[in-house]
Amino acid sequence: MKAIHSPFKTIGLISKRTQVESLKTSEKLVYDLSNMGYNWVIADDLTGLFAVPDTGCRFLPLNELGKHCDLIVVIGGDGHVLSAARSIFQYKIPLVGINRSRLGFLADIVPSELPDKLVDILNGNYQAEKRHLLKGAVYRQKKIIFQENALNEIVLHPGGIARMIEFEIFIDGHFVLRQRSDGLIAATPTGSTAYALSGGGPIVTPALNATVLVPMFPHTLSSRPLVVNGQSRIELLLIPENTLHPRVSWDGHHHQDLNPGDRILITQQSKTLQLLHPIGYDYFATLREKLGWK
(Lines give C-alpha, C1' and ligand atoms only; values in the text may rest on other atoms or scores of the structure.)
Protein backbone atom coordinates (compact mmCIF):
# COMPACT_ATOMS: atom_id res chain seq x y z
CA MET A 1 0.00 0.00 0.00
CA LYS A 2 1.19 3.49 -0.80
CA ALA A 3 0.22 6.51 1.22
CA ILE A 4 -0.89 8.45 -1.85
CA HIS A 5 -4.04 6.28 -1.97
CA SER A 6 -4.95 6.94 1.65
CA PRO A 7 -7.11 9.78 3.01
CA PHE A 8 -4.60 10.00 5.86
CA LYS A 9 -1.14 10.77 4.51
CA THR A 10 0.46 12.32 7.58
CA ILE A 11 -0.02 10.66 10.97
CA GLY A 12 0.54 12.23 14.37
CA LEU A 13 1.83 10.06 17.20
CA ILE A 14 1.25 10.47 20.92
CA SER A 15 2.50 7.74 23.24
CA LYS A 16 2.96 6.99 26.93
CA ARG A 17 6.60 7.94 27.38
CA THR A 18 7.01 6.21 30.76
CA GLN A 19 5.92 2.75 29.59
CA VAL A 20 8.39 0.50 27.78
CA GLU A 21 5.66 -1.47 26.01
CA SER A 22 4.12 1.70 24.57
CA LEU A 23 7.48 2.88 23.28
CA LYS A 24 8.18 -0.51 21.66
CA THR A 25 4.80 -0.42 19.96
CA SER A 26 5.48 3.15 18.82
CA GLU A 27 8.85 2.27 17.34
CA LYS A 28 7.54 -0.72 15.38
CA LEU A 29 4.49 1.13 14.12
CA VAL A 30 6.53 4.13 12.95
CA TYR A 31 8.89 1.86 11.03
CA ASP A 32 6.15 -0.30 9.51
CA LEU A 33 4.08 2.61 8.25
CA SER A 34 7.08 4.66 7.16
CA ASN A 35 8.02 1.76 4.88
CA MET A 36 4.51 1.97 3.42
CA GLY A 37 5.03 5.62 2.52
CA TYR A 38 3.37 7.42 5.43
CA ASN A 39 4.79 10.51 7.09
CA TRP A 40 4.90 10.88 10.87
CA VAL A 41 4.69 13.92 13.13
CA ILE A 42 5.62 12.79 16.64
CA ALA A 43 4.97 14.55 19.95
CA ASP A 44 8.30 16.05 21.00
CA ASP A 45 8.16 14.59 24.53
CA LEU A 46 9.10 11.28 22.82
CA THR A 47 12.32 12.67 21.31
CA GLY A 48 15.18 10.19 21.79
CA LEU A 49 13.05 7.53 23.52
CA PHE A 50 12.89 5.18 20.53
CA ALA A 51 14.55 4.88 17.13
CA VAL A 52 12.85 6.47 14.11
CA PRO A 53 13.61 6.26 10.38
CA ASP A 54 15.99 8.82 8.92
CA THR A 55 13.28 10.33 6.72
CA GLY A 56 9.60 11.11 7.05
CA CYS A 57 9.54 11.91 10.79
CA ARG A 58 9.26 15.25 12.56
CA PHE A 59 8.96 16.10 16.26
CA LEU A 60 6.61 18.89 17.32
CA PRO A 61 4.97 20.05 20.56
CA LEU A 62 1.73 18.24 21.40
CA ASN A 63 -0.42 21.34 20.94
CA GLU A 64 0.91 21.77 17.38
CA LEU A 65 0.36 18.23 16.07
CA GLY A 66 -3.17 19.01 14.94
CA LYS A 67 -1.92 21.65 12.50
CA HIS A 68 0.21 19.18 10.55
CA CYS A 69 -1.62 15.81 10.62
CA ASP A 70 -4.54 14.08 8.94
CA LEU A 71 -4.95 11.59 11.80
CA ILE A 72 -3.70 11.19 15.37
CA VAL A 73 -2.66 7.79 16.77
CA VAL A 74 -2.50 7.54 20.56
CA ILE A 75 -0.63 4.63 22.14
CA GLY A 76 -1.22 4.09 25.85
CA GLY A 77 -4.45 4.18 27.83
CA ASP A 78 -7.65 6.15 28.03
CA GLY A 79 -5.87 8.88 30.00
CA HIS A 80 -3.61 9.57 27.04
CA VAL A 81 -6.62 9.67 24.72
CA LEU A 82 -8.23 12.25 27.02
CA SER A 83 -5.12 14.42 26.96
CA ALA A 84 -4.80 14.13 23.19
CA ALA A 85 -8.49 14.91 22.69
CA ARG A 86 -8.24 18.20 24.60
CA SER A 87 -5.28 19.21 22.43
CA ILE A 88 -6.55 18.31 18.96
CA PHE A 89 -10.37 18.42 18.90
CA GLN A 90 -10.44 22.03 17.68
CA TYR A 91 -8.61 20.95 14.49
CA LYS A 92 -11.37 18.44 13.59
CA ILE A 93 -8.77 15.69 13.12
CA PRO A 94 -9.84 12.09 13.84
CA LEU A 95 -8.15 10.03 16.53
CA VAL A 96 -7.36 6.33 16.84
CA GLY A 97 -6.45 4.74 20.17
CA ILE A 98 -4.13 1.75 20.62
CA ASN A 99 -4.55 0.21 24.05
CA ARG A 100 -1.52 -0.38 26.23
CA SER A 101 -3.39 -0.06 29.51
CA ARG A 102 -6.05 -1.87 31.56
CA LEU A 103 -9.35 -0.32 30.49
CA GLY A 104 -9.43 0.68 26.86
CA PHE A 105 -12.88 2.23 26.58
CA LEU A 106 -11.40 4.79 24.19
CA ALA A 107 -8.24 3.03 23.00
CA ASP A 108 -9.74 -0.09 21.45
CA ILE A 109 -7.06 -1.53 19.11
CA VAL A 110 -4.70 -3.98 20.81
CA PRO A 111 -1.01 -4.25 19.74
CA SER A 112 -1.47 -7.80 18.41
CA GLU A 113 -3.84 -6.36 15.77
CA LEU A 114 -1.15 -4.03 14.42
CA PRO A 115 -0.43 -2.95 11.80
CA ASP A 116 -3.37 -4.62 9.99
CA LYS A 117 -6.25 -2.91 11.86
CA LEU A 118 -4.62 0.49 11.56
CA VAL A 119 -3.81 0.00 7.87
CA ASP A 120 -7.47 -0.83 7.25
CA ILE A 121 -8.45 2.45 8.90
CA LEU A 122 -5.84 4.34 6.89
CA ASN A 123 -7.37 2.83 3.75
CA GLY A 124 -10.73 4.32 4.70
CA ASN A 125 -12.27 1.20 6.22
CA TYR A 126 -13.47 2.34 9.62
CA GLN A 127 -16.43 3.23 11.82
CA ALA A 128 -16.50 6.87 12.90
CA GLU A 129 -18.30 8.39 15.85
CA LYS A 130 -18.45 11.84 17.39
CA ARG A 131 -17.84 12.41 21.09
CA HIS A 132 -19.00 15.58 22.86
CA LEU A 133 -16.83 17.58 25.24
CA LEU A 134 -17.81 19.84 28.12
CA LYS A 135 -16.55 23.38 28.62
CA GLY A 136 -16.28 24.61 32.18
CA ALA A 137 -15.72 28.26 33.15
CA VAL A 138 -15.16 29.56 36.68
CA TYR A 139 -16.60 33.02 37.41
CA ARG A 140 -15.48 35.18 40.32
CA GLN A 141 -17.33 38.46 40.71
CA LYS A 142 -18.68 38.15 37.15
CA LYS A 143 -15.22 37.63 35.62
CA ILE A 144 -13.87 34.38 34.18
CA ILE A 145 -10.76 33.36 36.12
CA PHE A 146 -10.25 29.97 34.46
CA GLN A 147 -11.83 27.80 31.77
CA GLU A 148 -10.99 24.47 30.20
CA ASN A 149 -12.50 21.57 28.23
CA ALA A 150 -13.12 17.99 29.31
CA LEU A 151 -13.93 14.83 27.35
CA ASN A 152 -14.90 12.81 30.43
CA GLU A 153 -16.03 15.02 33.27
CA ILE A 154 -15.88 18.28 35.21
CA VAL A 155 -15.83 17.68 38.96
CA LEU A 156 -16.54 19.93 41.91
CA HIS A 157 -14.81 18.41 44.97
CA PRO A 158 -13.50 19.43 48.41
CA GLY A 159 -9.82 19.21 47.50
CA GLY A 160 -7.45 17.66 50.01
CA ILE A 161 -9.91 17.10 52.87
CA ALA A 162 -13.29 15.34 52.52
CA ARG A 163 -15.80 17.92 53.76
CA MET A 164 -19.34 18.87 52.85
CA ILE A 165 -19.81 21.57 50.20
CA GLU A 166 -23.02 23.57 49.93
CA PHE A 167 -23.96 24.79 46.47
CA GLU A 168 -26.95 25.50 44.27
CA ILE A 169 -27.64 23.91 40.89
CA PHE A 170 -29.33 25.75 38.02
CA ILE A 171 -30.18 24.21 34.65
CA ASP A 172 -30.99 26.56 31.76
CA GLY A 173 -31.65 29.30 34.30
CA HIS A 174 -34.06 27.21 36.36
CA PHE A 175 -33.25 26.58 40.01
CA VAL A 176 -33.00 22.80 40.66
CA LEU A 177 -31.89 22.37 44.27
CA ARG A 178 -29.50 23.40 47.00
CA GLN A 179 -27.06 20.53 47.43
CA ARG A 180 -25.00 19.53 50.46
CA SER A 181 -22.50 16.89 49.43
CA ASP A 182 -18.81 16.18 48.82
CA GLY A 183 -19.28 17.62 45.35
CA LEU A 184 -20.73 16.93 41.93
CA ILE A 185 -19.61 15.12 38.77
CA ALA A 186 -20.81 16.53 35.45
CA ALA A 187 -20.00 13.88 32.85
CA THR A 188 -20.36 13.40 29.11
CA PRO A 189 -21.63 10.06 27.75
CA THR A 190 -17.95 9.21 27.23
CA GLY A 191 -17.27 9.96 30.90
CA SER A 192 -20.29 8.01 32.10
CA THR A 193 -18.09 4.88 32.20
CA ALA A 194 -15.34 6.64 34.16
CA TYR A 195 -15.47 8.56 37.46
CA ALA A 196 -19.24 9.05 37.22
CA LEU A 197 -19.75 5.29 37.05
CA SER A 198 -17.73 4.84 40.24
CA GLY A 199 -19.99 7.43 41.86
CA GLY A 200 -23.14 5.47 41.03
CA GLY A 201 -24.09 7.25 37.81
CA PRO A 202 -25.78 5.60 34.82
CA ILE A 203 -24.03 4.40 31.67
CA VAL A 204 -25.03 6.65 28.77
CA THR A 205 -24.34 5.49 25.23
CA PRO A 206 -22.09 7.85 23.23
CA ALA A 207 -24.75 8.48 20.58
CA LEU A 208 -26.97 10.19 23.15
CA ASN A 209 -26.55 13.96 23.44
CA ALA A 210 -26.73 14.25 27.22
CA THR A 211 -24.89 15.34 30.35
CA VAL A 212 -24.95 13.30 33.56
CA LEU A 213 -24.96 15.02 36.96
CA VAL A 214 -23.83 12.71 39.75
CA PRO A 215 -23.79 13.99 43.37
CA MET A 216 -20.85 12.78 45.45
CA PHE A 217 -21.91 11.43 48.85
CA PRO A 218 -24.98 13.69 49.18
CA HIS A 219 -26.33 14.57 52.60
CA THR A 220 -29.85 13.41 51.67
CA LEU A 221 -30.80 9.98 50.30
CA SER A 222 -33.28 11.60 47.91
CA SER A 223 -30.43 13.15 45.92
CA ARG A 224 -29.94 11.04 42.79
CA PRO A 225 -28.05 11.22 39.47
CA LEU A 226 -29.75 13.39 36.89
CA VAL A 227 -29.48 13.15 33.09
CA VAL A 228 -30.11 16.39 31.19
CA ASN A 229 -29.95 17.56 27.60
CA GLY A 230 -26.35 17.83 26.45
CA GLN A 231 -26.95 21.40 25.29
CA SER A 232 -28.18 22.56 28.71
CA ARG A 233 -26.44 25.35 30.60
CA ILE A 234 -25.50 24.00 34.00
CA GLU A 235 -24.57 26.46 36.74
CA LEU A 236 -23.12 25.61 40.14
CA LEU A 237 -23.15 28.44 42.67
CA LEU A 238 -21.03 28.02 45.79
CA ILE A 239 -22.99 29.33 48.76
CA PRO A 240 -21.10 32.36 50.18
CA GLU A 241 -21.39 30.90 53.69
CA ASN A 242 -19.11 27.98 52.81
CA THR A 243 -16.15 27.81 55.16
CA LEU A 244 -13.88 25.75 52.91
CA HIS A 245 -12.30 26.44 49.53
CA PRO A 246 -13.14 23.51 47.22
CA ARG A 247 -11.70 22.81 43.80
CA VAL A 248 -12.97 22.07 40.32
CA SER A 249 -11.13 19.72 37.95
CA TRP A 250 -11.33 18.88 34.24
CA ASP A 251 -10.67 15.21 33.40
CA GLY A 252 -8.58 15.06 36.58
CA HIS A 253 -5.88 17.02 34.79
CA HIS A 254 -6.55 20.75 35.14
CA HIS A 255 -7.55 22.14 38.54
CA GLN A 256 -8.78 25.46 39.89
CA ASP A 257 -9.19 26.49 43.53
CA LEU A 258 -12.52 28.11 44.38
CA ASN A 259 -13.78 30.72 46.82
CA PRO A 260 -17.22 30.88 48.45
CA GLY A 261 -19.53 32.71 46.05
CA ASP A 262 -17.75 31.50 42.91
CA ARG A 263 -19.89 30.22 40.04
CA ILE A 264 -19.12 27.36 37.64
CA LEU A 265 -20.78 27.42 34.22
CA ILE A 266 -20.77 24.10 32.36
CA THR A 267 -21.82 23.97 28.71
CA GLN A 268 -21.26 21.68 25.75
CA GLN A 269 -18.23 22.46 23.62
CA SER A 270 -19.42 23.34 20.09
CA LYS A 271 -16.72 21.20 18.42
CA THR A 272 -16.65 17.42 18.79
CA LEU A 273 -13.94 14.79 18.82
CA GLN A 274 -14.05 12.22 16.04
CA LEU A 275 -12.98 8.72 17.06
CA LEU A 276 -12.22 6.09 14.44
CA HIS A 277 -12.76 2.40 15.18
CA PRO A 278 -12.02 -0.74 13.16
CA ILE A 279 -14.89 -2.21 11.14
CA GLY A 280 -16.93 -4.41 13.46
CA TYR A 281 -16.47 -2.24 16.54
CA ASP A 282 -19.32 -2.79 19.02
CA TYR A 283 -19.76 -0.44 22.00
CA PHE A 284 -21.79 -3.02 23.93
CA ALA A 285 -19.15 -5.68 23.35
CA THR A 286 -16.66 -3.27 24.90
CA LEU A 287 -18.93 -2.85 27.93
CA ARG A 288 -19.26 -6.62 28.32
CA GLU A 289 -15.50 -7.08 28.20
CA LYS A 290 -14.47 -4.19 30.42
CA LEU A 291 -17.23 -4.56 33.02
CA GLY A 292 -17.25 -8.35 33.13
CA TRP A 293 -20.84 -8.72 31.97
CA LYS A 294 -22.01 -12.21 30.97
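Everything that follows concerns the structure shown earlier in this document.
Residues numbered from 1 in each chain as written. Predicted model: local features only at pLDDT ≥ 70, side-chain atom pairs only at ≥ 80, totals over all residues. Heavy atoms only, no water.

Asks: How should I be thinking about helix α2 (residues 78-88) in this particular structure?
Replies: Spacing of three or four residues puts side chains on the same side of an α-helix, whose turn is 3.6 residues. Of all eleven residues in α2, eight are buried, a share of seventy percent or more. For α2, the complete set of buried residues consists of D78, V81, L82, A84, A85, R86, S87 and I88. The inward-facing, buried residues of α2 contact β1 (10-15), β4 (71-76), β5 (95-99), β8 (143-150), β17 (254-257) and β19 (273-277). (Buried < 20%, exposed > 50% of the residue type's maximum accessible area, 1.4 Å probe, protein only. Helix = DSSP H or I, 4+ residues; strand = E, 2+ residues; numbered from the N terminus. Contact = heavy atoms within 4.5 Å.)

Asks: When you look at the pairing of strand β16 (residues 247-250) in this model, what are you seeing that I'm missing?
Replies: Inspection of the sheet shows strand β9 (residues 153-157) paired to β16 by four bridges, in the antiparallel sense. Bridge pairing in β16 links L156 to V248. Inspection of the sheet shows β16 paired to β17 by four bridges, in the antiparallel sense. What sits directly across from W250, in β17, is H254. Where β16 folds back onto β17 in an antiparallel hairpin, the turn is made up of three residues, including D251, whose phi is positive at roughly 55°. (Pairing = 2+ DSSP bridges.)

Asks: Explain the environment of F217 here, please?
Replies: Relative to the helices and strands, F217 resides in the loop between β13 (210-216) and β14 (226-229). Residue classification places F217 among the exposed residues on the basis of a relative accessible area of 66%. In the structure, F217 is positioned 103 residues away from L114 in sequence and 43 Å away in space, judged by C-alpha atoms. Sequence-distant contacts of F217, that is, excluding residues within four places in its chain, are made with M164, S181 and D182.

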